[in-house]
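Spelled out from the first residue to the last, the chains are:
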Amino acid sequence: MTTRNLTLGANVRNLAVEVAPAVIAVARRLGTVALYLAVLIYLIFCLAPLLFMVLASLKSDVEIFDPKALFSFTPTLVNYQEVLTGSTGAAQAAASYMGASTGPRALLASAVVTIISTALAIIFGSAAAYGLARYPFRGSRDLAFFILSTRMAPPIAFVLPMFLVFKALNLLDTYFVLIIVYTGMNMSFVVWLLRGFFQEIPIELEQSALLDGYGRLDVFRKIALPLAKPGIIAAAIFSAIFAWNEFLFAAILTADHVRTLPVAITGFSTSMGIRWGAFMATAAVGIIPIFILTVLLQRHLVRGLTFGAVK
Amino acid sequence: MNENRQSAMRLRRRQLLEAILALGVARLAPAAPVAAVAATAARAAEASALNGAEVKGLFVGDPFAQASQRVIADLNRMAGGTISMQVVDFDSMHQKILLDAPSASPAFDVYSWEFSWLGEMVGANALRPLDDFVTRDAELLKIDDIPKANWDATLWKGKRYGIPVQPHAELTWWRTDLLAAAGLQPPKNTDELLAAAKVLNKPDDGVYGFLWKGGRGAPLGQTMVHAFAAFDQPAFPNWQSGNWMPALNTDNAVRATEWVKEMVQYAPPDYLNIAWDDEARRFAQGEAAMTFTWFGRESFFSDPTKSKIVGKYAAGPWPSAPGLSARNSFGGWVLGLPAHISPERAEIAWRFVRWYTSAPVERLLIENGNIDFPRISLIRDPALQKAHPVFKTVLELVDQDAFKAWIRAPVPEFVALTDLLGTTMQEMLIGGMTPKQACDKVQADMIVSLKRTGKLT
Amino acid sequence: MANAEAIVSPPFRATGSSLARNRRRAAVLFIAPATVLLLAIFVYPFGYALYISFTQWTLGQQSVPTWAGFANYAGLVGDGRFLNAIFRSAVFVGLAVSIELVLGFLLALLFNKHLPGFGIFRTLAVLPVMVMPVATGLVWFYILNFRYGPLNALLRSLHLPTQNWLPNPTGAMAALILADVWQWTPFVMIVLIAGLRSLPEYVYEAAELDGLRPVETFFKITLPLLRPVILIVFLLRFMDAFKLMDLVFMLTKGGPAGRTETLSYYIYVLGLQLFRVGLAAAVSILFLIFISIATQIFVRYMYREQTGDEFA
């Protein structure tokens, strides 16, 4: 009995060994198809709202509210014209009530504030991260927690005190005030992200450099920073996204001289109505610079977060 | 400070130049009487409201400001100076005026404030009384041309705090074709409105009885205040004499609430989410037989390329309970000066306000997208009436003195009141409370709020 | 080597040696600018906010704050609206962050594959994170609109019953969570992909040699090594979701009837619409205390098992 079973078993096993690769290949093919399908489904979920945003930006205000005109309508560039050039043309004027836009100025203001505050956050933040990583002292854990705690603060809690402080210093409605505030708010993220990166760098590299007579600052600049570049880029991207999209502080601390994109967009919301077309167009335009930035840096992005996160 | 001195110097230089010019012309002119020439010079100086100065205004992003931005070049030329306009949204306007206007050196010369904020503004010492300017320039202001209700609403405890720049009002709108088909007359009071809404409510045909703005907080809160008024119930009946006891759960109030609750049965299922001006757009798409909306939205209805109801609508005032006189609330914007503005800048700011709210300038704004009723002459104007037929309806209401400021009493508590009403009434509408309970709750909460700020003991 | 390590790594005790002084100077040089900036920006506003929380101050009704001691805090104890806000925040943060973590993790596993085109897919998948939060709120408001929103249009074309999303109490909270998940899951995904890609190869080789099955490898090796990443991303999302205000502002305004009025939004209403800044400050301080405690717990847990880490 046992012998026959064994033979049977062996035969089955032999058969299986021969058939297996083909089965696995087919399964793998199907599996791959399934993977692409899953990715496609998720991407539809991701991109559909953006699609509707763009569609709405190409419609006139009244068309947006016609359920039958969801996909069948005549696209118009009037909203983009208004956002980007500040003029609407006579036809639009009759049907809408809104005037000149601040689109181009807002883009410029946002760009200035974002670029400078991100650069400063990276410079100061990377230095602090390095210091916390390489030169710990008795209070450094508490200091690190303090830095993290600045990210916990709900902006609304501090907006009034900050308004009063900056008003007293006569700094309201300047580029300086937004840059300072955004740098501060991004610092915590930068420090915590980069601290892990610096800890990943083998200490021996820096030690041998020190023994060779390099100054500490040089070691930082020439060895640590380049090795942490992916992390720096990751921190830069998310800091830029934050500064570019921040609304509350920009709204309260500035008026019109410095007017960033998120504030300009809420200017389309009047006490009697909301200008959907212009709103959507501004939102769509706002994504483009950040998206370009991300596309250019996305390889570094993935590698960057790698080092920092694991520790 | 430097800036103020500079523009003041500029102003004086200009005036000096003009005076010299006037004298020089007088010298050269052969037989022209000096007086006539001086008068010309004076008029020339008058025509240039700003005299080369710059005025800084903080305005809300409503149609008047946005129309102004469209024609800012023309405005600057007409004013003979530079208008520096900063435009913000509603909440920001409210915050900034409270945070900035009371200060010793305000950042702006002119602020726009909403009628219902007046009490709050005076309490915060944010606005400068303008009686001295108004008395001095009464003729130039042409006060008779300003609708009485709007003009009175800029008074607080006998002092005047601004000149109306964009008053607007909500009206009732209905579909003439649908009413005629059902054999109904335009509704004249709350009962008729309710009856009409019931008859005309045909959800299966895609047409609801009434498009109601039920968005949480301000939209619903303001609607409730109107409803109370329709049933002759002011929220704070005796505030003028210092008695702050609210009257939010009287029989009138409860009846008003019950009426609202019945009305919403004939509204689209998502009425609780209708805010901003969706009701106007949806009315233009033919979604309901009636609605309340700002009269400026007529352009949504009259454009044949956008509206499905061209020629099939009419407007009238808010309905009152049967037997009560017509009463319509109004809201909108007023231009004022900050409390501690320096005398030189006050003069510039005043001249700007006086000029900007005058009929010719307001007319230019109306032609560029603003629809309101700051000046009676404008809503009487046949050309403008032709472009905006709703002006006829508004004119009737002005003549009947139907606009009542007491409906949206400008007390500091108004915002708290609308917030409270909006929240509690939404709860009631989704079935959490009966109308009576909701009214009692609002009354109790309002009393707590008043005790806290010391207005009630 | 020990000597060389002493140059850079171990915590130093205050000594008089020039090496220690050198290190101290270096530490100050690196850390000071950031610390000074943060102290300058945050300490005074925090102090001022703390002070205001002990006053009764309503802008527009009083020109100066009046001292009120613990009145604001005491008043909050039975305050229904405050307790409601806490509850709503708890529901929102709990559900949104959980969904984002789970979904983000699954997506990370999915998008991490080295298949043709996946690089582009990854970049596209990050787009939601870049949208302005105010715009996100409005776009979803539009999508979910009963009458003219695309979602109901889709349901109608499929002959499914249309839903009245936003005016419905549970629907509104679901909408809020949906919008937040849409916007932030890609962030979780990207961080976790990075984490997955950083796992050292040799561990997997060793596992294979030991004969571990894929499932076992996943649970016994991958997951534990990823724990720090998961915890960091959880921490970040937790803090950010609690602070969220723009989305509520545009999508539901706290409605219907307060069912989506999160703590953050309640602070906004108190401070910048009702101008009761004293009370708003008190709620903010409580908010901060809670988050600090929660985060401290997480941080200690996260670093509990790290060896050789000076911060443990």
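Just above sits the structure.
A brief structural summary.

Cut-offs applied
- Residues numbered from 1 in each chain as written.
- Chains lettered and ligands numbered in written order.
- Predicted model: local features only at pLDDT ≥ 70, side-chain atom pairs only at ≥ 80, totals over all residues.
- Heavy atoms only, no water.
- Phe/Tyr/Trp six-rings, centres within 6.5 Å; stacked < 30°, edge-to-face > 60°.
- Helix = DSSP H or I, 4+ residues; strand = E, 2+ residues; numbered from the N terminus.
- Buried < 20%, exposed > 50% of the residue type's maximum accessible area, 1.4 Å probe, protein only.
- Lys NZ or Arg CZ within 6 Å of the ring centre and 35° of its normal.
- Contact = heavy atoms within 4.5 Å.
- Buried area = accessible area lost by both parts, 1.4 Å probe.
- Salt bridge = Lys/Arg side-chain N within 4 Å of Asp/Glu carboxyl O.
- Polar contact = N/O pair within 3.5 Å; in protein donor to acceptor, adjacent residues only side chain to side chain.
- Nonpolar A, V, L, I, M, F, W, Y, C, P; charged D, E, K, R; others polar.
- Axes fitted to C-alpha atoms, helices over the stretch in contact; angles between N-to-C directions.
- Parallel < 35°, antiparallel > 145°, perpendicular 65-115°, else oblique.
- Left-handed = near helix turned anticlockwise from the far one by under 90°.

Attention now goes to the packing of aromatic side chains. A full pass over the atoms with the stated rule returns 62 aromatic pairs over all chains. Ring centres of A:Tyr42 and C:Phe111 lie 6.0 Å apart, and the angle between their planes is 80 degrees; this geometry places the pair in the edge-to-face category. Taken as a pair, A:Tyr42 in helix H1 (residues 2-57) and C:Phe111 in helix H4 (residues 80-111) lie in two separate chains rather than in one. Exposure remark for A:Tyr42: the relative accessible area of 6% places this residue in the buried category. Ring geometry for B:Trp173 and B:Phe301: centres 5.1 Å apart, planes at 75 degrees, overall edge-to-face. A residue pair is termed long-range when its members are at least 10 positions apart, and B:Trp173 in strand E7 (residues 170-175) and B:Phe301 in helix H15 (residues 298-302) qualify at 128 residues. On the accessibility criterion, B:Trp173 (1% relative accessible area) is buried. Taking NZ or CZ as reference, B:Arg160 lies 3.9 Å from the ring centre of B:Trp151, over its face. Sitting above the plane of the C:Phe249 ring, C:Lys253 keeps its charged end 4.2 Å from the centroid.

Every contact between the two is made by 98 residues of chain A and, on the other side, 106 residues of chain C. Where chain A abuts chain C, roughly 9600 Å² becomes buried across the two surfaces, and 81% of that area is made up of carbon and sulfur atoms. Viewed at the interface, chain C and chain A are joined by 1 salt bridge. Across the salt bridge formed by C:Asp240 and A:Arg151, the nearest N and O atoms sit 3.2 Å from each other. Between the two partners, chain A and chain C, sit 7 residue pairs in polar contact (both at pLDDT 80 or more). Looking at the side of chain A that touches chain C, the element that brings in the most residues is helix H13 (residues 276-309) of chain A, giving 16 residues. When the residues that make up the side of chain A that touches chain C are grouped by side-chain class, the tally is 78 nonpolar, 13 polar and 7 charged.

This next bit is on the packing of helix H5 (residues 140-149) of chain A against helix H2 (residues 18-53) of chain C. Across the interface, H5(A) lies against H2(C) with an axial gap of 11 Å and an inter-helix angle of 45 degrees. Accordingly, the angle class assigned to the pair H5(A) and H2(C) is oblique. H5(A) and H2(C) meet at a crossing whose hand is left-handed. Along the contact surface, H5(A) presents A:Leu143, A:Phe146 and A:Ile147, while H2(C) presents C:Ile31, C:Thr35, C:Leu38 and C:Leu39. Its residues assigned to classes, the contact of H5(A) with H2(C) shows 6 nonpolar, 1 polar and no charged.

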